[in-house]
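# Analysis of the macromolecular model
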Amino acid sequence: QVQLVESGGGLVQAGGPLRLSCAVPGSIHYDMGWFRQAPGKEREFVAAIRWGGGVAYGADSAKGRFTISRDNAKNMVYLQMNSLKPEDTAVYSCAAGATSDSTLAREYAYWGQGTQVTVSS
């Protein structure tokens, strides 16, 4: 069992930045992703990064504002979020081990517990 641990969430004013981190124990030979879920809404794909570094972004509103990256030497994955908006408020979860389509939550084998991001207007 792989336990992912997210950190970096919190309360931020609209327009501000926030960086989320995801620690992956052991080696990090996984495709990694970030998803978010706002109250009353379905889980939404935010971004994914392959072991080799290829990236994909979902959540149209995140494109151009969010950047996913990874440091394989440190077993870490990051989500840099800039120009945050109140509609970005959600629980953000890190996922590992996508087997095919990295934009689909069901493709991931391992999940963290999530970190709350709240953007005030």
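Read on for a plain summary of the structure.

About the thresholds
Residues numbered from 1 in each chain as written. Predicted model: local features only at pLDDT ≥ 70, side-chain atom pairs only at ≥ 80, totals over all residues. Heavy atoms only, no water. Pairing = 2+ DSSP bridges. Helix = DSSP H or I, 4+ residues; strand = E, 2+ residues; numbered from the N terminus. Axes fitted to C-alpha atoms, helices over the stretch in contact; angles between N-to-C directions. Salt bridge = Lys/Arg side-chain N within 4 Å of Asp/Glu carboxyl O. Buried < 20%, exposed > 50% of the residue type's maximum accessible area, 1.4 Å probe, protein only. Disulfide = S-S within 2.5 Å.

### Topic: the sheet that holds strand β8 (residues 76–81)
Read across the sheet, 4 strands follow the order β1-β3-β8-β7 without closing on themselves; strand pairing throughout is antiparallel. This sheet does not close on itself; its edge strands, each paired only once, are β1 (5–7) and β7 (66–71). Neighbour to neighbour, the strand axes of the sheet diverge by 15° on average, direction disregarded. For strand β3 (residues 18–23) and β8, the ladder comprises 6 bridges, and the chain directions are antiparallel.

### Quick word on the pattern of salt bridges
Summed over all chains, the structure comprises 4 salt bridges. As a salt-bridge pair, R36 and D88 come within 2.9 Å of each other at their nearest N and O atoms. Of this pair, R36 sits in strand β4 (residues 32–37) while D88 is found in the loop between β8 and β9 (90–96), placing the two residues 52 residues apart along the sequence. Note on accessibility: R36 and D88 belong to one class, buried. A salt bridge links D88 to R65; the shortest N-O distance between them is 2.8 Å. Highlighted residues: D88 in the loop between β8 and β9 and R65 in the loop between β6 (55–57) and β7, separated in sequence by 23 residues. Judged by its relative accessible area of 0%, D88 falls in the buried class. Judged by its relative accessible area of 10%, R65 falls in the buried class. Via salt bridges that share partners, R36, E44, R65 and D88 belong to a single interconnected network.

### Observations regarding the state of the cysteines
For the structure shown, the criterion picks out 1 disulfide. Covalent S-S linkage joins C22 and C94, the inter-sulfur distance amounting to 2.0 Å. Its torsion about the S-S bond being -80°, the disulfide of C22 and C94 is classed as left-handed. A residue pair is termed long-range when its members are at least 10 positions apart, and C22 in strand β3 and C94 in strand β9 qualify at 72 residues.

Note that all results are geometric; they support no functional claim without further evidence.
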